[in-house]
Amino acid sequence: MKTILIIEDDSLNLELFKNFLEMLGYDVASAATATDGIELARELTPVLILIDYRLRGDMDGIEAARIIKKDPNLVHVPLIIITAHERPGDKDRAFAIGCEGYMVKPIRMGELKQVILELT
């Protein structure tokens, strides 16, 4: 089965995404920090990664995405940045490092489904 990795530090958002993705037939792995998410991505090589832009802890989601996109074993994995507080330039930064998607919370699940099906 295809695995999607969610890197999200908000437990309610994580549960919402996890339940939705499992309904679509995906296995779901998750991490609450950027460091754990990067390690898990390297271990699993998921078919897609959803990552929150603003993570608590050692680094934010955009820095984690940059590291993932520089990894030769993960560069091909589609990465979607999700954010609750969009600032000017955030979307451009995400696409500049190679992310395939950028979505602002609250996420419309129909739109998320369409993007995931296109990318996986």
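To start, this report covers the structure provided alongside it.

Hydrogen bonds between backbone atoms are what pair the strands of a sheet, whose relative direction is either parallel or antiparallel. Pairing is parallel across the open sheet formed by five strands, whose spatial order is S2-S1-S3-S4-S5. The sheet terminates laterally at strand S2 (27-31) and strand S5 (101-104), the two strands that pair on one side only. When the angles between neighbouring strand axes are averaged without regard to direction, this sheet yields 20°. In terms of strand pairing, strand S3 (residues 48-52) meets strand S4 (residues 79-83) through four bridges, oriented parallel. Residue pairing across strands places aspartate 52 opposite isoleucine 82, the latter belonging to S4. Sheet contacts for helix H3 (residues 61-70): strand S1 (3-7), S3 and S4; angle to S4, the most-contacted strand, approximately 175°. Strands S1, S3, S4 and S5 of the sheet are contacted by helix H5 (residues 109-119), whose axis makes an angle of about 140° with S3.

So, on to the nonpolar core. Nonpolar side chains tend to gather and get buried jointly when the protein is soluble and globular. Among the nonpolar cores identified, the biggest contains 24 residues, and Ile49, Ile51, Leu79 and Ile81 are the most heavily contacted of them. For this core, the elements supplying multiple residues, two or more each, are S1, helix H2 (34-44), S3, H3 and S4. Beyond its immediate sequence surroundings of up to four residues, isoleucine 81 is in contact with Ile51, Tyr53, Gly61, Ile62, Ala65, Ala94, Cys99, Gly101, Tyr102 and Met103. Counting 16 residues, the second-largest nonpolar core is a separate cluster that includes Ile4, Ile6, Phe20 and Val28.

A separate point is unusual backbone geometry. The omega torsion of the bond from lysine 105 to proline 106 falls at 0°, within 30 degrees of zero and hence cis. Residue placement: proline 106 occurs in the loop between S5 and H5. Its identity as a non-glycine residue notwithstanding, threonine 45 has a phi of 45°, on the positive side. Structurally, the position occupied by threonine 45 is in the loop between H2 and S3.

Secondary-structure assignment places isoleucine 62 in helix H3. Distance from isoleucine 62 to isoleucine 82, taken between C-alpha atoms, is 10.0 Å for residues 20 residues apart in sequence. Here isoleucine 62 is in contact with Tyr53, Ile81, Arg93, Ala94 and Ile97, once residues within four sequence places are set aside.

Our focus in this paragraph is the packing of H2 against H3. Each pair of packed helices can be described by the angle between their axes along with the distance between the axes. Between H2 and H3, the shortest axis-to-axis distance is 10 Å and the interhelical angle comes to 20°. Between H2 and H3, the interaxial angle falls into the category roughly parallel. At the point where H2 passes H3, the crossing takes the right-handed sense. Together, Ala34, Ile38 and Arg42 of H2 and Ala64, Ile67 and Ile68 of H3 make up the contact between the two elements. Class assignment for the residues of the contact of H2 with H3 results in five nonpolar, no polar and one charged.

Calculation rules
Residues numbered from 1 in each chain as written. Predicted model: local features only at pLDDT ≥ 70, side-chain atom pairs only at ≥ 80, totals over all residues. Heavy atoms only, no water. Pairing = 2+ DSSP bridges. Helix = DSSP H or I, 4+ residues; strand = E, 2+ residues; numbered from the N terminus. Axes fitted to C-alpha atoms, helices over the stretch in contact; angles between N-to-C directions. Contact = heavy atoms within 4.5 Å. Core = buried A, V, L, I, M, F, W, Y, C linked by side-chain atoms within 4.5 Å. Buried < 20%, exposed > 50% of the residue type's maximum accessible area, 1.4 Å probe, protein only. Parallel < 35°, antiparallel > 145°, perpendicular 65-115°, else oblique. Left-handed = near helix turned anticlockwise from the far one by under 90°. Nonpolar A, V, L, I, M, F, W, Y, C, P; charged D, E, K, R; others polar.

Function cannot be inferred from these measures alone, as they are strictly geometric.
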